[in-house]
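The residues making up each chain are set out below.
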Amino acid sequence: MRHQHNLFQVPRALALLGALSLLGGGCGHPSTGTNTGGTGGMTTSGLGGNGNVAGATGAGGGEVVVDPNGGANGAGGTTPTACADDPNQQHALPYTPGYTISANATSLANAAVQSMSDTQKQNQLRGTTIGQYNDIFRSAHNLSDTSYADTGNIKEFQFSDGPRGVNLDAVKTNGSQGFSTVFPVASMRGATFDVDLENQVGLAMGDELIASKRTMLLAPTVNILRHPAWGRAEETYGEDSFLLGRMGSAYVVGVQTYAPACAKHFAANNIERNRDNGDIAQMDEQTLREIYGRHYAMIVRDGGVSCVMAAYNVLQVGSGQALNCTQNSHLLTDVLRNDFGFKGMVISDWWAMPGGQAPAGGTATESSQARAAMSAGLDLEMPWNLNFSQLPAVDATQNAAALHVVTEKFRFNVANPNGPLGLLPPTTGFDSGSFSITNNDAHIALAQKAALEGMVLLKNDGGVLPIKSGGNIQSVAVVGLSVPWTLKGVQTSGSVNFPVDARSGDLGSSRVNMDPAKAIGPYAGIMAAAPSGIMVLPGHDLAAAQAADFVVVVAGLTPHDEGEDYTIKPDDSDRDASLGLDGKTGGTLQNSFIASVAALGKPMVVVLEGGSVIDVSAWQQMVPAIVMAWYPGQSGGAALGQLLFGQANFSGKLPISWPKALSDLPRFSGSDSAPSSLTTPMGYYLGYRWFDTQGKIPQYAFGTGLSYTTFDYSNLQVPCSTVTKGGVVNVTIDIKNSGTVAGDEIAFLFVSWPNSNVTTRKAPNYKELKGFKRVSLTAGQTKRITIPIRVSDLNYWDTGSNSWQIETGTVKVMVGTSSDKLTPAATGMFTVQ
Ligand code: BGC
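Residues numbered from 1 in each chain as written. Predicted model: local features only at pLDDT ≥ 70, side-chain atom pairs only at ≥ 80, totals over all residues. Heavy atoms only, no water.

## A look at the overall build of the protein chain
For the protein chain, the count of helices and strands is 15 helices and 36 strands. Scaling as 2.2 N^0.38, a compact globule of 833 residues should have a C-alpha radius of gyration of about 28 Å, and the protein chain matches this with 26 Å. The buried share of the protein chain, reckoned over its 833 residues, is 64%. For the protein chain, contacts bridging at least 24 residues in sequence account for 77% of all contacts bridging at least 6. About 25,500 Å² of surface is accessible on the protein chain, with carbon and sulfur atoms providing 52% of the total. Placing the 54 positive and 67 negative side-chain charges of the protein chain at their respective mean positions leaves the two points 2 Å apart. (Helix = DSSP H or I, 4+ residues; strand = E, 2+ residues; numbered from the N terminus. Rg over C-alpha atoms; globule rule 2.2 N^0.38 Å. Buried < 20%, exposed > 50% of the residue type's maximum accessible area, 1.4 Å probe, protein only. Contact = heavy atoms within 4.5 Å. Areas by Shrake-Rupley, 256 points an atom, 1.4 Å probe, with all protein chains shown as cover. Lys, Arg positive; Asp, Glu negative; His and termini not counted. Charge placed at Lys NZ, Arg CZ, Asp CG, Glu CD.)

Following this line, the structure appears as structure tokens:
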């Protein structure tokens, strides 16, 4: 099944939630604050751990400044206490409002469904007319029926994709532009590890969605990056379930301040190849719940997400039946509704029902496919009124499905065909002529902040960065190749002019158009940031590099190298044949260009653009500095310029383990070894868990990212020696900026279970991420940060009892700067009782 997504159509809007955030020291939740959705804003009271922070000043967000001249700092000498159950355990982390709906919305939805005819109910569950490619982003409603009699006077949903901005390209009218704010891709936003920022990005997208009169955002993409070769790697936050759950919740809470969000693609959709041909994700129950499900559970329970999209792939759990995700009652009902407690609506991915756009077998097949999906827990088939055109007579299941859909419309105030849409009026405007967002300068500035926080400095030998102005450096060349690409689908050919272009990512369903007048690519950004006296020149060849005192080489991937299936020829959307530059062309153009620049022996940096890992082995040893710039969005060049000249400090860290070679990773797809195989076994261990337990050393570990300053960790405090299963352990640690310039540090908290009885936890060096925190520090400053552990997040899926369990016994806590740098000094223990 192929589809285009390159077409038009229009509008609707929505909704709210505040985020509770409770941080502070000690056990339980010592303070409660209300974060109305902005940055920071978390109330901090109480002090870190059981120690004292003399002279501490509140710094917000679970951090306090430690006065070096103050009194005792709490190191040693603390009396371990017990952490008891905390009734507000869930809210110990910010962006955890859960599912909220007004009583009024609930009663309006109930009344509306009760008064609907059977056809009106079924029209809540359907897409639009079969074959209409220009009408694939809304649910059923006959546009000539201005009274909305066909849907019971309830407005249809109007969808837009959203992982990196509101996609107005797919729905724009002929000749219009469809500009909206282009944020960095999600893999880059994952690299910020900044939940407050991600919440703001969600708010901005919710705002623009409502401004453009659309009513549901098809985002976040929260598929685990099981393997960095996935063509859609850029759409997700990284390889760890806890990270995805936290970032996804922050984003959803932001979007849902205005309008409903749809978490996708449930579940285990992480291969493009054969996605339309019934590829089978095969795993055991524990892997499904903990690795492929945990983040959805968080986004459902913490984030209160409105919608979940069932994925294209087939899912086989253990030796059970292999069932399409859209018809998988274990997935959609046992796991999503009954285990995770999901209350919203489930939609199919576009033509994700068996048979795709043209199921064989006529109406009889459609009818049986529709029954299977409906009884499994699918509420709405998208985008066409295809199988669901053959729904049987309305029964209790369909009544429930209609109520799910209609409730979400009332919940977010998008049900009224004539009313203002959404829970809040947008701050941005919309120009219907150009079909573009207006008044979005604040969002563009936010996109720049996200780019600034997400760029990762991977190598900086000899402190070649920041570029030193004055002295020997009077000119900077910004060089790179212009690399052509061809695609099918939305756009068929083009090229990436690496030194110049502002990059947004692939051309699949998450594509977003930036206003060229407000786009800043590498050259423009570096030029804007260059101090007076430094000449900045763009170029495509060695001569340009030769002529300069410092060389910035911009290299990376094109929309052919990685992207969504339908834009690239089948079997070529993933990068499992090569993670290198020019992997799809088979050439070594960019690799050899970098090598020849390196041979000039000048100070230089290689800036990489791409959605996930890029193999640097061909030249890594030859160049002094490497920056991973991802697809940094419309203001990425501005952020890059500031960072390269040291006007801002690098702080992004890798949300993906970066292998030395493809052969260091588990197999990408079952078809790697047997081309006709549709089955891919998906193991429990991936990402850092794979490297740790296999004893393999990655090129760059999860959490790697350098800075222009240095940070010292000390004084780890675990506030209690024992904790009950319903408790919270507020771990604190002091982080000092021991260098000479300001910088942000991201601290990671991992746990392990030294005496575990759980087989998966007994693997050598096994550990799991259970917390992270970004903190800003001026030169010389020390802050004590708090990283709460919700003991409920330490659960595991017990296959024996077929239930979640929290293991009693010792938990080891490790805090540090990356997954491979968790110092013994920063180790603590507590016991779960
Ligand atoms: C993608 C989804 C997207 C949908 C609508 C599908 O091809 O997998 O992520 O939301 O199209 O554009």
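## Re the nonpolar core
One finds Trp-350, Leu-465 and Val-476 to be the most contacted residues of the largest nonpolar core, which totals 231 residues. Excluding residues within four positions of it along the chain, Leu-465 makes contact with Leu-457, Asn-460, Phe-550, Val-605, Ala-625, Val-627, Leu-644 and Tyr-708. (Core = buried A, V, L, I, M, F, W, Y, C linked by side-chain atoms within 4.5 Å.)

## Remarks on the pairing of strand β32 (residues 782-790)
The buried count for β32 comes to nine of nine residues, which makes it a mostly enclosed element. Alternating residues of β32 divide into Thr-782, Arg-784, Thr-786, Pro-788 and Arg-790 and Lys-783, Ile-785, Ile-787 and Ile-789, and every residue in both groups is buried. The pairing of strand β6 (residues 63-66) with β32 spans four bridges and is antiparallel. Opposite Glu-63, over in β32, you have Ile-785 as the bridge partner. (Pairing = 2+ DSSP bridges.)

## Quick notes on the site of the ligand
Taken together, 15 residues are adjacent to the ligand, and Asp-161, Arg-232, His-265, Asp-349 and Glu-564 come closest. The side chain of His-265 places a nitrogen or oxygen atom 2.6 Å from an oxygen atom of the ligand. The separation between an oxygen atom of the ligand and a polar side-chain atom of Glu-564 is 2.8 Å. For the ligand, whose free accessible area comes to 310 Å², the fraction covered by protein is 100%. Split into classes, the residues belonging to the shell around the ligand amount to five nonpolar, four polar and six charged. (Near = heavy atom within 4 Å. Polar contact = N/O pair within 3.5 Å; in protein donor to acceptor, adjacent residues only side chain to side chain. Nonpolar A, V, L, I, M, F, W, Y, C, P; charged D, E, K, R; others polar.)

## Comments concerning unusual backbone geometry
Cis geometry is found at the peptide bond from Phe-266 to Ala-267, where omega equals 5°. Positionally, Ala-267 belongs in the loop between β10 (262-266) and β11 (280-283). In this model, Met-382 is joined to Pro-383 through a cis peptide bond whose omega is -5°. Following the sequence through the fold, Pro-383 ends up in the loop between α8 (362-376) and α9 (396-411). At Asn-153, a position not held by glycine, the phi torsion is positive, near 65°. Within the secondary structure, Asn-153 is located in the loop between α2 (118-123) and β8 (159-161). For Asn-153, a relative accessible area of 45% gives the class partly exposed. We note that Phe-435 has phi near 55°; this positive angle belongs to a residue other than glycine. Relative to the helices and strands, Phe-435 resides in the loop between β16 (429-431) and β17 (436-438). Among the residues examined, Phe-435 registers a relative accessible area of 3% and is labelled buried.

## Notes on the confidence of the model for the protein chain
Taken residue by residue, the protein chain gives an average pLDDT of 91. The fraction at 70 or more is 91%. For the protein chain, the element scoring lowest by mean pLDDT is strand β4 (residues 44-45), at 28; strand β25 (residues 625-628) scores highest, at 99. Note that pLDDT drops below 50 for residues 1-25; the model gives that stretch 171 contacts with residues more than four away or on any other chain. Contacts of residues 28-60 to residues separated by more than four positions or lying in other chains number 111 contacts, the stretch itself having pLDDT below 50. (pLDDT = per-residue confidence, 0-100.)

## Looking at the side chain of Gln-256
Secondary-structure assignment places Gln-256 in the loop between α5 (241-255) and β10. We classify Gln-256 as buried; its relative accessible area is 0%. A distance of 3.2 Å separates a polar atom in the side chain of Gln-256 from the backbone nitrogen of Ala-261.

## Focus on the pattern of salt bridges
By the definition in use, this model includes 43 salt bridges. For Glu-235, the salt bridge identified is with Arg-232, shortest N-O distance 2.6 Å. Side by side, Glu-235 and Arg-232 carry an identical accessibility label, which is buried. For the salt bridge of Lys-653 with Glu-745, the shortest nitrogen-to-oxygen distance reads 3.1 Å. (Salt bridge = Lys/Arg side-chain N within 4 Å of Asp/Glu carboxyl O.)

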